[in-house]
Amino acid sequence: MYEPTTSPATAAPPQRLRHAWIPLAGLSAVFLFEMLDNSVLNVALPTIGRELTASTASLQWVSGAYSVAFGGLMLLFGAVADRVGRRRVMLLGLTLLAVVSILTLFVTSVEQLIAVRALMGVAAAMTTPGSMALAFRLFDDDDLRVRALTVISTAGLVGLAVGPTIGGFVLAVAPWQVLIVANAPIAVIAFLGIRAGIAADRRTDLHRDPVDVIGAVLGTASVVGVLLTPTLFVAGTDVALAWGAAAATVAAVVGFVARERTARHPMLELRLVAQPLVASGLAYKAAAGLAMAGLSYMVTLQLQFAWGWPPALAAVGTLPQVVVLLASGRFVGPFVKRVGLDRAAWMSAAAVVAGLAVFALLGRLGYPWVLVALVLVAAGMRVVGVVAGNNVLRGLPGDRTSIGAAMVDTASEIATAVGIAATGTILAALVGSSIATMTFSPNQLASFQQAILIAGLTITALAAALVCIGIHRSRRTPAQPTTQEPSYV
């Protein structure tokens, strides 16, 4: 068992995964919360709407408040963690998560629930980047790091896969509040595992530069704007508001870049983002997030609206993707060891793009092509999710790992938003905004298939461009000396 001593500086890193099962259990619980939370809650939205008399827009914010707070604050808390301690910020975030989850029992209005969800997003922003940073810091061998990140991501994927089923069963026997309060024991498990299994940060692993408050505000505004603006355009409720949000987002992004280039102690050092390993890892992660979001959205529409599958059958149709995500975990480590981290990164990202292209070009011809697309994207995602993050952290100094992990998650969040927004915008333009309520005529079905083709090819081109950027940047990485053969026992 891995037991940190009172002198972290002298504690030897574990040489096998089983020696670190306590901290890995805690870190896995963190990722389980992140992936399980929204997937479970989405099932309960109709029930919440009835009991709290919530409008459609309010229900959207029950999920949206969490996502915006989560995505908007990750960079800030990543920077804070690199200064005051990754383990400390993680434990504070888990404490906040447990307390806020229990507060759900006292919610009596949808506005109060939205506030609770926003605070849970803050807790997620404090904990999620730390899970990758602490797992990376736990080991000093790249092979063990990849295998540890695979274990942690598997826990999250299990939550994502079983979330809707769990939510449905719970709602059959218990009130919806149970779905959120259940995060409290998960937070306790994570707290105990991290508190007992991971030593406190050493001063030499942190840096003491002051937090760039102006940069933090501009960075948060930039990410929030990027996440919100596409939704406003897709909804089409107020064009002036959407364009105003877009202008404000551009201004925030320009201001953030200008600030980070001139600040004495920037929150995010742009020169580090430009490092080959960092830039390539972020590009691969963004490509995968873009493809995964776009494909999931388009497959759901194709199965139900174009082919008339009922929701239950459509869920079965997407099941192969879940199976591949869960079953392929054991092959990630051997695959990465065989081909190397860099080749594994671009090969898996290319598989994701290939799957997206298969669906765009051939998905209309029948379900077997949809199946091929789902398998390719899932297999690629399983690898790229681990190796891209590992590459980013390898390319950063030891005192910047939390901000690096935050960049990885932020890149994925932004790419997901762009993927859904691009697909939704093209469908709304070519098919109409009432797609969910119409019965397709032959002409409308043809328009829908054309929209799916254009949206699929657009996202494929964007994802392919990101993969090309990642390959180009990774080739600039200096050759590193070969390390000793790792132990797999």
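What counts, and where the lines are drawn
- Residues numbered from 1 in each chain as written.
- Predicted model: local features only at pLDDT ≥ 70, side-chain atom pairs only at ≥ 80, totals over all residues.
- Heavy atoms only, no water.
- Axes fitted to C-alpha atoms, helices over the stretch in contact; angles between N-to-C directions.
- Helix = DSSP H or I, 4+ residues; strand = E, 2+ residues; numbered from the N terminus.
- Parallel < 35°, antiparallel > 145°, perpendicular 65-115°, else oblique.
- Left-handed = near helix turned anticlockwise from the far one by under 90°.
- Patch = residues over 30% accessible without salt bridge, like charges linked within 9 Å, V, L, I, M, F, W, Y side chains within 5 Å.
- Areas by Shrake-Rupley, 256 points an atom, 1.4 Å probe, with all protein chains shown as cover.
- Salt bridge = Lys/Arg side-chain N within 4 Å of Asp/Glu carboxyl O.
- Buried < 20%, exposed > 50% of the residue type's maximum accessible area, 1.4 Å probe, protein only.
- pLDDT = per-residue confidence, 0-100.
- Contact = heavy atoms within 4.5 Å.
- Nonpolar A, V, L, I, M, F, W, Y, C, P; charged D, E, K, R; others polar.

### So, the packing of helix α11 (residues 276-306) against helix α18 (residues 442-474)
Across the interface, α11 lies against α18 with an axial gap of 8 Å and an inter-helix angle of 165 degrees. If you check the angle between α11 and α18, you find them roughly antiparallel. The two elements α11 and α18 cross, and the hand of that crossing is left-handed.

### A short note on a nonpolar patch on the surface
Together, Val-99, Ile-102, Leu-103, Leu-105 and Phe-106 make up an exposed nonpolar region whose accessible area comes to about 490 Å². Position of Ile-102 among the secondary structure elements: in helix α3 (residues 86-103). Judged by its relative accessible area of 41%, Ile-102 is partly exposed.

### Considering the confidence of the model for the chain
Mean pLDDT for the chain: 80, with 88% of residues reaching 70 or above. No element of the chain has a lower mean pLDDT than helix α12 (residues 311-317), at 72, and none a higher one than α3, at 92. Contacts of residues 1-10 to residues separated by more than four positions or lying in other chains number 20 contacts, the stretch itself having pLDDT below 50. Throughout residues 479-489 the model reports pLDDT below 50, and contacts reaching past four residues in sequence, or to other chains, amount to 16 contacts.

### Some words on the packing of α3 against helix α4 (residues 110-138)
Across the interface, α3 lies against α4 with an axial gap of 8 Å and an inter-helix angle of 150 degrees. It follows that α3 is roughly antiparallel to α4 by the angle criterion. Crossing angle aside, the handedness with which α3 passes α4 is left-handed. Touching Arg-86, Arg-87, Val-89, Met-90, Leu-92, Gly-93, Leu-94, Leu-96, Leu-97, Val-100 and Ser-101 of α3 are Val-116, Leu-119, Met-120, Val-122, Ala-123, Met-126, Thr-127, Gly-130, Ser-131, Ala-133 and Leu-134, all from α4. Split by residue class, the contact of α3 with α4 holds 15 nonpolar, five polar and two charged.

### A few points about the pattern of salt bridges
Counting across every chain of the model gives three salt bridges. Its salt-bridge partner being Asp-212, residue Arg-259 comes within 2.9 Å of it at the nearest N-O pair. You can see Arg-259 sitting in helix α9 (residues 239-262) and its partner Asp-212 sitting in the loop between α7 (183-197) and α8 (213-235), a full 47 residues away along the chain. Judged by relative accessible area, which is 3%, Asp-212 ranks as buried. When the shortest N-O distance is used, the salt bridge between Arg-394 and Asp-342 registers 3.5 Å. Here Arg-394 is found in helix α16 (residues 367-394), whereas its partner Asp-342 is found in helix α15 (residues 341-362), with 52 residues between them in sequence.

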